[in-house]
Structures are given as structure tokens and as C-alpha cells.
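Here are the chains, one letter per residue:
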Number of protein chains: 2
Amino acid sequence: VVVENKKVVINVLPSGPLQDDTFRVVEESLLITDAVKDGSVVVEVDHVSIDPTNKIWLEPKKTYLKPLHPGDAMRAPGVGRVVASGSPRFRPGDWVLGADLGWQRYAAVRRGRGLTKLPAPRPGGPPPTAFLGVLGHTGMAAYFGLLDVGNPKPGETVVISGAAGATGSVAGQIAKIKGCRVVGIAGSREKCAWLRGLGFDAALDYRAPGFRRDFAAAVPRGVDVYFDNVGGPMLDLILGRLARGGRVVVCGAISGYQASGGKGEVAYGPKNYLNLINQSGRMQGFLVMDYTKRFPEAVRALSQWLAQGRLQHREHVVEGVENAPRALAMLFEGGNRGKLLVRVAAAAAAARQTASSSVVSTGEPGAEEPRSKL
Amino acid sequence: VVVENKKVVINVLPSGPLQDDTFRVVEESLLITDAVKDGSVVVEVDHVSIDPTNKIWLEPKKTYLKPLHPGDAMRAPGVGRVVASGSPRFRPGDWVLGADLGWQRYAAVRRGRGLTKLPAPRPGGPPPTAFLGVLGHTGMAAYFGLLDVGNPKPGETVVISGAAGATGSVAGQIAKIKGCRVVGIAGSREKCAWLRGLGFDAALDYRAPGFRRDFAAAVPRGVDVYFDNVGGPMLDLILGRLARGGRVVVCGAISGYQASGGKGEVAYGPKNYLNLINQSGRMQGFLVMDYTKRFPEAVRALSQWLAQGRLQHREHVVEGVENAPRALAMLFEGGNRGKLLVRVAAAAAAARQTASSSVVSTGEPGAEEPRSKL
């Protein structure tokens, strides 16, 4: 059997910000029967996840994953359905989560490596895409980053940057559930309004005039836990307001990824880090994969909060794998609302809805328009 | 009774590096009888301590201590003898440690605030100056910073910058006592030779060609604990070599203090701090005063190691309070060897020697010449 695969591959590794020629679209035929003979599992990709770390993966530096090379389909976690399998672990029709399905319609995954079987979608249950977001790596980052690294106590002030993003919005809601005072920082009035609706005690638009003054007023007793998704001068502002014994959870630094010259360094290091001395504070990083063994604990807690209506999440879907590069650019411009996904397959969209999620769908990136809010 | 006091006061608060006009010398008469009537304790200052934090104290920003103002004698911890007392807690002749005796010959300390009585100097015992160094705030910083914040395990690799300084040299020796592999970084061949003599496994001159390569070779399994006294690009280098779960003890950042524009920020923030994510590492600051209640534990341990000959320390003494500004400048140029002190009083130098300390004395800063090495 032959299928026509469309994939978006790396054209030129960017030495700085993403460029128009960073990616290119390739169409090729995929011989499914040959792939299966090889022991591979062929997955029809349904959705892929677009994340800030995508930019880091494009750097030549070896980090926690192997460097990518020109010609490779861009790496992306995704969900999809098995169409053919050379592995006894997977059968055609199975829904799977893949650590790297990539920006493509069909992924031939050698020996099914990195694939996890998902529960079949059912009414009232989580859609497959939830395992790319609130029940996936962004939800895990929010859960373990906030609770394990940040260790917030009831009544403490927790500040979240990138608060309307996939990880930030979940981290903030978990902090509320744990009895903290939560201040979210995001990049538009609309995002801030959404955060207030989620129960954040304050939500501030960092692009608004008077932001720094409003921020100081919002944290009168200082910042006990800062869950940092953005880095840059914002990190300095908050280091300057750290409470005694304050903790900075280093989750990411989206403000710095675009500027990186490929050495794994950001262009702007926190000049105010010596306030860690004055306040006996700490900054701590973590990888979601450090917590693999404890994922079931987080999935249980998050699923329960979703079912109870105490946790909301939002997906922002860009249509078509060929639009993945533009979706990634949108992520860095702050244009997305909630977990950013690219829908690759035309079919199977029906199963994506649950009572606890709202979906924003974008045909053309930039031309955003809420499609449904359930 | 009237004594002639000579003091060095702040002339102009520097907005950047120290300037020639930052300090000026003032001579004035002090009416001891009047001071004592007021409840003050008058101390004849023997030695004062010169420390990297002195530069931070000159910034208008309120940190853990009140800002200084022009006309104030420069703040300095010191040791001296009580010459008159309006407090029942102190008697003339008592040796005292003062949190702020200041750059002056006589300090009238209101209600004896911040004064601690010291044991009278005796042969074989620690000299009063030890309480400004290895048994004082630099020793406490080394002890609690390394052991409590850094938490090194036997066999781990500990890297110390500013390793020939008062805090770094003690921290490195404690790490050796605790069974770690210790790499020291200092600014001259002579300093590195001294560190090797102290038992450091490796000592590297950061000014030498090939330093970065030699450093990489010296930490083949990465850096488990980095005790940072210097900040700047060195911090980035070491963040890039952090082992899994590595810890950065933020003790100071002498490379950045001179450049600070007075906002409490350093000019160079660590651009490589995102490696804390890749390595699940942390950076943590601390204040010596957080550990006040546990000082006796540290003094006991350090005194025992000194008596056993397992811990060496070195004092670098600059003569004359009028040379304190030049001593401070020397500290930032890396010219000192060991704990930098200014000898204020002409008398009482005899009691300063113990079997475990070596003393470098400098009449003129810059014209260094070992006076005794015991």
C-alpha cells in the first residue's frame, strides 16, 4: 500500500530567529507494507503540538534530545491513529501518543518507539488532543513544576508569566486549587480577562502602560513563587520583588529563544539574580521527563479537577501541516490562546470536544476566530 | 577625655565603579566622656574587614542593611578594644567584634549595638582578627554556603571561584574535608600554587591562555556544586558544565559589583541559566545572617579543623585606616591574598598570630611583601 505523505522538513537550521527559509514542504510516497515489514508502526497523524522548546530543538547544541538536521521532518509530539503495524503492541485503529510523530501526515515509527497507546475517545472522556496538553507534557510541566519545584504553601503569592499559555494557565489554576494568591501575566486584555474568569486573583497585561506599577501593587508582600515561562527583563522585574525564601521555577524563557545564537544561551541573562542572596531565594529548573514515573499521579489529579470543573483548558488549533511553520512563528509572537496545536488529519475532529475544554480554531494563522466554547 | 579620631567617610556615592573622590579623610575630636554618658561604648578599632559587599553597601538601594549616605564613616565590621563604656555589658579592655565599627580609629557605638565580646587573645588561641575571617562572617559564609546550600556529597565535584579569597579558600578546604573533589579558580599562578598546597585537586588561573580547555578537562563528569564568588562570564561557563542535579551556591559576584549602576543589578546576567532546565539544577542564594543561631556549630567545627591543622587561612593586612579606600580597590583588582584587613590601631599587633594562619602585610597597597608565614 502506498500513501502520499506531506511533511514539513528542516531546510536550513536558523542561527538566530526563525526565517522564511527555515522549513520547506516535501511530498513523497510512503510504502506502508515495506515500513511494516521493517517492524515499524505507521501512524496517521491527527494533531501535533507546537511548543516553545521547538526553537531549542533547532539549535545544533545537544541538550536532552539529539540535535536535528536539515532534511529531517520537524520534531513534534503528536497524537494519531495506527494505520498499519509491524509491532505486536499496536493494532490498526489504535489511538497513540507519539513523542515524535513530526510535522507530517504519516509517521513510520521504528519499532513503535516513543508511542503510547491512548484510551479510545468516548463521550465525556478526554479527547486525544488532551494528551498533548493538559494531560500531556504541558500539564505535567505545570503540575510538577509548580508543586514539586515551586512547592507553594496556602496563602502564598504565586506569579505566573505566559499565564494564558498551555502550561501557565494550568499552573495558575493548580495554584488556586492549592489555596494560593495567583497573579497572572499575559500579553493582551483578552487573555487577562480569560485568566480572571479562571479565578486568577489578578491578571496583568505586560504590554499595558503602567504595568510595572500595577505589578508592584499586585504583590504587596512580594513573590513567594514565580513560575517563569518567559525569561528576559520580566524575570529581572520579579527577582526584584522576591519575598524572603522565594522560589523561581525555571520552566522556560520564550522571550529568549528567538534571539538565541545557537549556543543554548539566551541574549538577556537575569541581571538581578543577586537578589537571590538578599532574599535567600532560589531558581530551579526541571525537565518533565524527570517525573515520568509519577505521570499517573498527575494525570489522576488533573483528570479529577477537569471532571469537577475546577480546571479549564483551551486549545488553539491551526489547520493543516503546511501551516505548522507559521503556527510556530505565531507562538513566539504571543498570538495563540491556550495550547497550540496543528491539525494534520482531515478526519476524526469530532472526538475532540469535552465539557472542560474550549477550542479556538484558526484556518489562517493570524485570522483568529473562536469556533466553539463549550 | 578627648581623643583625636581619624575616619574615612563617604564623600560621593559612586554611581558606577569606585572613584578617587568616593571617600575622604576627616579628623575630628571625640569627647569620650560625653559619648559614655549617652550610653555608648567607645571602641579603639584594631582591624576592620574589607569585603566585596562593601561596594553593594554604597548603592542607594535598600538591601538587607540601610543605605549609607555621604558624611557617614564607611561601614565595616571590625575588632577592637573597649576604651570606655556606658553599658553594663562591656568594660574597658574588653576585646569586641563589631558589626559596624567603620573606617575609623575610634567608634562610639550607641548602646553597644552590634558588639560581641571576644575571648581575650591567648597563646595558641585564635587572634581577634580570626573573628573577621575564618571564625567570622567569611568563615560562616563558607561553612553554611557550602554545606547547607550546596549540600555536597562525598566524591562529588565542587568548583570554587575566587578560590584564593577569604571565603573561597575556606569553602574549598571544607569540601576537601567532606571528601569531595575540589577545583579552585583564582587569578594568578601564585594563588593557584597556594591552593594546591591546601589540598585542592586542581587550581586554575582564569587569566591563563587555555583556561577554558583546562577547565573542561578538570571537570570530566561535570560540576555538582559551584560555589560562586565572582559571577559574570565565569558563571556562564560553569552553568554550561553543570552535572545533573547540580547546585550553584550564589555567594557573591565580585566581577559585577564594580560595574553596577546602583540598581542592585549586575551588568552581566548569566545567559546560560536555562541549562538549569536541561540539568534539573538550581541556583540558590543565602545571607550569613540567616544562620546566626547556628554560628556556634560552625565556630566549633572550624576551630577544631584549625587546631588539627586541617584548615589553613591567610590574612592580608593593609596598614593604616587612611589606606582603606585603596585596599578596597585592590580587592576588586584581585590583588589580595586571603582575608583582606586594614590595621587601624598601632598597638596590639602581637596577639595576631596563630599556628594555623599565615599573614601577608602590606604597608603600601600594591607593594606586597610577605611578612610572616607561620
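Residues numbered from 1 in each chain as written. Chains lettered and ligands numbered in written order. Predicted model: local features only at pLDDT ≥ 70, side-chain atom pairs only at ≥ 80, totals over all residues. Heavy atoms only, no water.

Brief notes about the environment of Leu328(A)
All names here are of chain A. What counts, and what does not: Secondary structure elements follow DSSP: runs of H or I no shorter than four residues count as helices, runs of E no shorter than two count as strands, and numbering proceeds from the N terminus. Residue exposure (1.4 Å probe, protein chains only): buried if accessible area is under 20% of the type maximum, exposed if over 50%, otherwise partly exposed.
Residue position: Leu328 is located in helix α11 (residues 324-333). Residue Leu328 is classed as buried on the basis of its relative accessible area of 0%. In this structure, the C-alpha to C-alpha distance between Leu328 and Asn54, residues 274 residues apart in sequence, is 8.0 Å.

Points about the nonpolar core
The tendency in soluble globular proteins is for nonpolar side chains to be buried side by side. The condition that has to hold: Among buried residues, the Ala, Val, Leu, Ile, Met, Phe, Trp, Tyr and Cys ones that are joined through side-chain atoms within 4.5 Å form a nonpolar core. We call two residues in contact when some of their heavy atoms are within 4.5 Å.
Counting 126 residues, the largest nonpolar core has Trp103(A), Phe215(A), Trp103(B) and Phe215(B) as its most contacted members. Look past the residues within four positions of Phe215(A) in its chain and what remains in contact with it is Val159(A), Ile185(A), Leu204(A), Val223(A), Leu237(A), Ile238(A) and Arg241(A).

Thoughts on the domain arrangement of chain A
Residue and element names in this part refer to chain A. Just so we agree on the cut-off: Domains are outlined according to an automatic or database domain assignment. When two components associate, each loses some accessible surface as probed by a 1.4 Å sphere; the sum of these losses over both components is called the buried area. We define a salt bridge as a side-chain nitrogen of Lys or Arg found within 4 Å of a carboxyl oxygen belonging to Asp or Glu. Here a polar contact means two N or O atoms within 3.5 Å. Within protein one must be a hydrogen donor candidate and the other an acceptor candidate, and residues neighboring in sequence count only if both atoms are side-chain atoms.
You can read the domains of chain A as domain 1 (2-128 + 314-343) and domain 2 (137-308). Centre-to-centre, using C-alpha coordinates, domain 1 lies 28 Å away from domain 2. Taken together, the contacts link 24 residues of domain 1 with 18 residues of domain 2. A buried area of about 1,800 Å², summed over both sides, lies between domain 1 and domain 2, and 58% of it is on carbon and sulfur atoms. Inspection of the domain 1/domain 2 interface yields two salt bridges. With a shortest N-O distance of 3.9 Å, Glu190 and Arg337 are connected by a salt bridge. For the interface between domain 1 and domain 2, the tally reads six residue pairs in polar contact (both at pLDDT 80 or more). Elements with a contribution of two residues or more to the side of domain 1 that touches domain 2: α2 (53-57) and α11.

Overview of the relation of the copies chain B and chain A
Heads up, the condition is: Copy-to-copy superposition: least squares on the C-alpha atoms, limited to residues that have pLDDT of at least 70 in both copies.
In the superposition of chain B on chain A (RMSD 0.0 Å, axial shift 0.0 Å), the rotation amounts to 180 degrees. Taken together, the rotation and translation describe the operation of a two-fold axis. Proximity to the rotation axis, assessed at the C-alpha, singles out Gly269(B) in chain B; its C-alpha lies 2.1 Å from the axis. When the interface residues of chain B are mapped onto chain A, 100% of them again fall at the interface, so both copies present the same face.

Topic: the packing of aromatic side chains
Both the distance between ring centres and the angle between the ring planes are used here to describe each pair of aromatic rings. All names here are of chain A. Going by this rule: Pairs were defined over the aromatic rings of Phe, Tyr and Trp, the Trp ring being its six-membered one, requiring ring centres within 6.5 Å. Orientation was assigned from the angle between planes: stacked under 30 degrees, edge-to-face over 60, tilted for the rest.
This model, assessed by the stated rule, comprises 12 aromatic pairs over all chains. Ring geometry for Tyr143 against Trp305: centres 6.4 Å apart, planes inclined by 35 degrees, an arrangement best described as tilted. In this pair, Tyr143 sits in helix α3 (residues 137-150) while Trp305 sits in helix α10 (residues 295-307), placing the two residues 162 residues apart along the sequence. Note on Tyr143: relative accessible area 8%, which makes it buried. Ring geometry for Phe211 against Phe215: centres 6.1 Å apart, planes inclined by 35 degrees, an arrangement best described as tilted. Of the two residues, Phe211 and Phe215 are both situated in helix α6 (residues 211-218); the distance of four residues between them amounts to about one turn of the helix.

Notes on the sheet that holds strand β9 (residues 181-186) of chain A
Two modes of strand pairing occur in sheets, parallel and antiparallel, and in both the strands are linked by backbone hydrogen bonds. Defined as follows: For two strands to be treated as a pair, DSSP must find at least two bridges joining them. The axes used here are C-alpha line fits, helices contributing only the stretch in contact, and every angle between their N-to-C directions lies in the interval 0 to 180 degrees.
Spatially, the 12 strands line up as an open sheet ordered β10(A)-β9(A)-β8(A)-β11(A)-β12(A)-β13(A)-β13(B)-β12(B)-β11(B)-β8(B)-β9(B)-β10(B), and their pairing is mixed. Pairing within the sheet leaves two strands with one partner each, and these edge strands are β10 (202-205) of chain A together with β10 (202-205) of chain B. The sheet shows a mean angle of 15 degrees between the axes of neighbouring strands, direction not considered. Inspection of the sheet shows strand β8 (residues 157-161) of chain A paired to β9(A) by five bridges, in the parallel sense. The residue of β9(A) that forms the bridge with Thr157(A) is Arg181(A). Its contacts with the sheet place α6(A) against β8, β9, β10 and β11 (223-228) of chain A, and it is angled at close to 165 degrees to β10(A). Helix α7 (residues 232-239) of chain B contacts β8 (157-161), β9 (181-186), β11 (223-228), β12 (242-250) and β13 (282-285) of chain B of the sheet and is inclined by roughly 170 degrees relative to β11(B).

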